[in-house]
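Each chain, letter by letter, is given below.
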Amino acid sequence: NKAIEIHPKFSAAYNNLAACYGHMGQKDRQREALQQAISANDHCVPALVNLAYLDVVDKQVTQAGDLLSKAVAADPTNVEALSLLAEVQVQEGHYQQAIEEAKKVHSLPHQHYAIVHYTAASAYERQGLIPEAIAELHLYLQEEPHGPRADLVRKVLPNLEKEAKEAQNRTSP
């Protein structure tokens with residue numbers, strides 16, 4: 001609050017204030033602070049991404065997508081924005097776009113964003129492209145071999161591999 005008092009257009013201070021409100025469970029004030037950050041600087045990528053997260057939680061995926069598109073336009077190498085945008089695009093049924101965003105994340109230096117392979121696998125699977133989905137899940141396990149989602153992937157993967165093999169047997173002479 002002191003930083004904002006000194007410099008009312010300091011978007012990073014509003015973003016940090018929003019984080020504080022989030023930790024205190026004051027979602028309305030968190031959203032308001034993020035909107036002020038964006039009003040102060042409509043290219044404030046952290047605020048755009050954080051507000052998009054709130055929109056995803058509130059099932060406002062179209063709004064989240066708009067915010068994330070702005071974030072990616074401002075910083076095309078922001079893996080957090082690209083990764084979340086891919087998730088939003090899957091939710092909206094834009095599978096090919098989701099795959100393209102996932103590929104961008106994979107091509108950039110990234111840690112802790114193995115989730116993008118899970119997202120791409122979902123997009124491929126929804127398009128019936130099971131071998132591609134399987135490949136993405138294997139990439140996921142390479143990047144994040146431990147944890148609850150990795151355990152889930154290990155449970156799902158044999159079923160997808162079986163489905164792919166059965167489909168291949170149906171099409172083979």
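Structural data are supplied above this passage.
Residues numbered from 1 in each chain as written. Predicted model: local features only at pLDDT ≥ 70, side-chain atom pairs only at ≥ 80, totals over all residues. Heavy atoms only, no water.

(A) Here's a closer look at the side chain of asparagine 78. Among the secondary structure elements, asparagine 78 is positioned in the loop between α5 (61-74) and α6 (79-91). There is a polar contact of 3.1 Å between the side chain of asparagine 78 and the backbone nitrogen of glutamate 80. (Helix = DSSP H or I, 4+ residues; strand = E, 2+ residues; numbered from the N terminus. Polar contact = N/O pair within 3.5 Å; in protein donor to acceptor, adjacent residues only side chain to side chain.)

(B) Structural context of the pattern of salt bridges. All chains considered together, the criterion is met by 5 salt bridges. Of the charged contacts in the structure, one is a salt bridge between aspartate 58 and lysine 27, with a shortest N-O distance of 2.2 Å. In this pair, aspartate 58 is assigned in the loop between α4 (45-57) and α5 and lysine 27 in helix α3 (residues 27-40), connecting sequence segments 31 residues apart. Classification of aspartate 58 as partly exposed rests on a relative accessible area of 28%. Its salt-bridge partner being aspartate 55, residue arginine 31 comes within 2.8 Å of it at the nearest N-O pair. Taken together, the residues span a long stretch of sequence, with arginine 31 in helix α3 and aspartate 55 in helix α4 at a distance of 24 residues. In terms of burial, arginine 31 and aspartate 55 fall into one category: buried. Salt bridges sharing partners connect three or more residues here, namely Lys27, Arg31, Asp55 and Asp58. (Salt bridge = Lys/Arg side-chain N within 4 Å of Asp/Glu carboxyl O. Buried < 20%, exposed > 50% of the residue type's maximum accessible area, 1.4 Å probe, protein only.)

(C) Main features of the packing of helix α8 (residues 115-126) against helix α9 (residues 130-143). Two elements in contact, α8 and α9, have axes separated by 8 Å at closest approach and are oriented at 170°. Between α8 and α9, the crossing angle belongs to the class labelled roughly antiparallel. Note on element contacts: α9 touches α8 through Ile130, Glu132, Ala133, Glu136, Leu137, Leu139, Tyr140 and Glu143, opposite Ile115, His117, Tyr118, Ala120, Ala121, Tyr124 and Glu125. (Axes fitted to C-alpha atoms, helices over the stretch in contact; angles between N-to-C directions. Parallel < 35°, antiparallel > 145°, perpendicular 65-115°, else oblique. Contact = heavy atoms within 4.5 Å.)

(D) Looking closely at the packing of aromatic side chains. Scanning the entire structure with this criterion turns up 1 aromatic pair. For arginine 149, the ring lying beneath its charged end belongs to tyrosine 118, and the centroid distance is 5.3 Å. (Phe/Tyr/Trp six-rings, centres within 6.5 Å; stacked < 30°, edge-to-face > 60°. Lys NZ or Arg CZ within 6 Å of the ring centre and 35° of its normal.)

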